[in-house]
Amino acid sequence: QKWRTAISMTLRDTLWNKISGVSVSVSWMDINDSSNNGVVTKTTRANGKVGLNLPKFNTNQVDGVVVSIDSISVDGYVYNEELNVEYGGVECPIFSNGCQSVIINKPEA
């Protein structure tokens, strides 16, 4: 049996305008086997949103993955991780200097 997860985010400028055409890359790594890893890259749509689907993981082999930002880039802007907002009760803004990665565990059976 397999499980899958995805990262969704909206990219905005300092005036809170949504930015299209931003290349977003996230790296992932198996929490139990660092040799099982990869990078997923996609570009934001006109509404500034991007969804990055990680590969399907074997339920019996992968208990969770660590996900972090590999790169965020678009002409005319500089990504500032300290402007990220808090998400889901995390004590610091996700993918900021204080919370550079997030662990996503496999769903409970």
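Definitions and limits used
Residues numbered from 1 in each chain as written. Predicted model: local features only at pLDDT ≥ 70, side-chain atom pairs only at ≥ 80, totals over all residues. Heavy atoms only, no water. Helix = DSSP H or I, 4+ residues; strand = E, 2+ residues; numbered from the N terminus. Rg over C-alpha atoms; globule rule 2.2 N^0.38 Å. Contact = heavy atoms within 4.5 Å. Areas by Shrake-Rupley, 256 points an atom, 1.4 Å probe, with all protein chains shown as cover. Lys, Arg positive; Asp, Glu negative; His and termini not counted. Charge placed at Lys NZ, Arg CZ, Asp CG, Glu CD. Buried < 20%, exposed > 50% of the residue type's maximum accessible area, 1.4 Å probe, protein only. Pairing = 2+ DSSP bridges. Core = buried A, V, L, I, M, F, W, Y, C linked by side-chain atoms within 4.5 Å.

Asker: In this structure, what is going on with the overall build of the protein? I would like to understand it.
Answerer: Assigned secondary structure in the protein consists of 0 helices and 8 strands. Along the chain direction, N to C, the helices and strands of the protein fall in the order β-β-β-β-β-β-β-β. Its C-alpha atoms give the protein a radius of gyration of 15 Å, near enough to 13 Å, the size a compact globule of 109 residues would have. When contacts within the protein are restricted to residue pairs at least 6 apart in sequence, long-range pairs at least 24 apart make up 65% of them. Counting only carbon and sulfur atoms, one obtains 46% of the accessible surface of the protein, whose full area is about 7,000 Å². The protein carries 9 positive and 11 negative side-chain charges, and their two centres are separated by 14 Å.

Asker: Could you clarify how one ought to interpret the pairing of strand β2 (residues 6–10) in this entry?
Answerer: For a regular strand, side-chain orientation follows a simple rule: the groups alternate between the two sheet faces. The two faces of β2 differ: I7 and M9 on one face are buried, but A6, S8 and T10 on the other face are not. For β2 and strand β5 (residues 49–53), the ladder comprises 5 bridges, and the chain directions are antiparallel. Paired with I7 across the two strands is L52, which belongs to β5.

Asker: Got a minute to help me understand the pairing of strand β7 (residues 64–73) in this structure?
Answerer: One ladder, built from 8 bridges, connects strand β3 (residues 23–30) with β7; its direction is antiparallel. Paired with D30 across the bridge in β7 is V65. Here 5 bridges tie β7 to strand β8 (residues 101–105), and the two strands are oriented antiparallel to one another. Note that in β8 the partner of V65 across the bridge is I104.

Asker: Which parts of the structure should I look at to understand the nonpolar core?
Answerer: Here is a general trend for soluble globular proteins: nonpolar side chains tend to be buried in one another's company. I7, M9, V24, L52, V65 and V67 are the most contacted members of the largest nonpolar core, which totals 21 residues. Of all the secondary structure elements, the ones that give two or more residues to this core are β2, β3, β5 and β7.

Asker: I keep staring at unusual backbone geometry and nothing clicks. Help me out?
Answerer: Excluding glycine, residues mostly carry a negative phi; peptide bonds, for their part, are mostly trans. In the Ramachandran plot, W16 falls in the positive-phi region, its phi being about 75° despite a non-glycine side chain. Here W16 shows up in the loop between β2 and β3. Residues other than glycine seldom take positive phi values, yet F95 does so here, at roughly 65°. For F95, a relative accessible area of 7% gives the class buried.

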